[in-house]
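Here are the chains, one letter per residue:
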Amino acid sequence: MEREQGEVDHLERQSPLTDKEKVMIQDSWAQVYQNCDDAGVAILVRLFVNFPSSKQYFSQFKHIEDAEELEKSSQLRKHARKVMNALNTLVENLGSSEKVTTLLKLLGKAHAVRHKVDPVYFKILSGVILEVLGEAYPELMTPEVVSAWTKLLATLCCSIRTVYEEVGWTQLSTSTS
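Since the structure is predicted, the reported quantities are computational estimates derived from the model, not experimental observations.

Within the structure shown, the criterion is met by six salt bridges. Lys20 is paired through a salt bridge with Glu144; the nearest N and O atoms lie 2.9 Å apart. Remark: Glu144 occurs in helix H8 (residues 143–166) and Lys20 occurs in helix H2 (residues 19–33); sequence separation between them is 124 residues. Overall, the relative accessible area of 51% leaves Lys20 in the exposed class. Looking at Glu144, the relative accessible area reads 43%, which means it is partly exposed.

This part is about the packing of aromatic side chains. Inspection of the entire model under this criterion finds eight aromatic pairs. Here the aromatic rings of Phe58 and Phe61 are separated by 5.0 Å at their centres, their planes lie at 15°, and the arrangement is stacked. Note on accessibility: Phe58 and Phe61 belong to one class, buried.

Here we take up a negative patch on the surface. Side chains of Asp66, Glu68, Glu69 and Glu71 sit close together on the surface and give a patch of like negative charge. Overall, Glu69 belongs to the partly exposed group, its relative accessible area being 47%.

Turning our attention to unusual backbone geometry. Although it is not a glycine, Lys116 sits at a positive phi angle of roughly 55°. As for its placement among the helices and strands, Lys116 is situated in the loop between helix H6 (97–114) and helix H7 (120–136).

What follows is about H7. Its 17 residues place the ends of H7 24 Å apart at the C-alpha level, agreeing with the 24 Å of an ideal helix rising 1.5 Å per residue. Among the 17 residues of H7, 13 are classified as buried, and the element is accordingly described as predominantly covered.

Conventions used here
- Per chain, the residues get numbers from 1 upward, laid out in the order the sequence is written.
- Given that the model is predicted, a residue must reach a pLDDT of at least 70 before its local features are reported, and side-chain atom pairs must reach 80 or more before they are shown or counted; all residues, however, enter totals for whole chains, interfaces and linings.
- In computing side-chain properties, one takes all heavy atoms of the structure into account and sets aside hydrogens as well as water.
- Take a side-chain nitrogen of Lys or Arg and a carboxyl oxygen of Asp or Glu: if they are within 4 Å of each other, that pair is a salt bridge.
- Numbered from the N terminus, helices here are DSSP runs of H or I no shorter than four residues, and strands are runs of E no shorter than two.
- Residue exposure (1.4 Å probe, protein chains only): buried if accessible area is under 20% of the type maximum, exposed if over 50%, otherwise partly exposed.
- Two aromatic rings from Phe, Tyr or Trp, using only the six-membered ring of Trp, form a pair when their centres are within 6.5 Å; if the ring planes differ by under 30 degrees the pair is stacked, by over 60 it is edge-to-face, and anything between is tilted.
- Residues with no salt bridge and a relative accessible area higher than 30% make up the patches, which join like charges within 9 Å and nonpolar side chains (Val, Leu, Ile, Met, Phe, Trp, Tyr) within 5 Å.
- Each accessible area is a Shrake-Rupley result for a 1.4 Å probe, and residues are judged covered by the shown protein chains and nothing else.
- Within this scheme the basic residues Lys and Arg register as positive and the acidic residues Asp and Glu register as negative, but His and the chain ends are omitted.
- Working definition for charges: the position is that of NZ of Lys, CZ of Arg, CG of Asp or CD of Glu.
- For a helix, the expected span equals 1.5 Å multiplied by the residue count minus one.

Pasting the structure below:
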């Protein structure tokens, strides 16, 4: 777990994206999103295999241990599509901080109030996204592009954490593995 923790610590610091970074994110995302189903499934399978406690929020597949079985789960595929579509909406709206703020508030509120997901999983998921994209798209994910994505995901994590605080989230568990 130490390696993963070190990789996601940089998601604690939020800083604004430059116009150049927004373009890099949008350009790289356009290629990733062409394979959104495969990329989304790869991200969620990696999350659930490396952080099995994250499955606790998914009754449909929380008892599936095998990575191949997870990949075949129609419920996991459906959720992977939702995650990828949410990321797509975020990337498409990088030019409008108002739209980004609204999207992240809706996402945070739904996960805090309705789904009761511990906010630490957004940080963990962000680290997994960076890892999977880096492995699947090494030619796209140059250090400069990874840096831009890291800033975007840090914004996501910080915004979600703020929404959780606003709705009075109380941490039920400190377990992340």
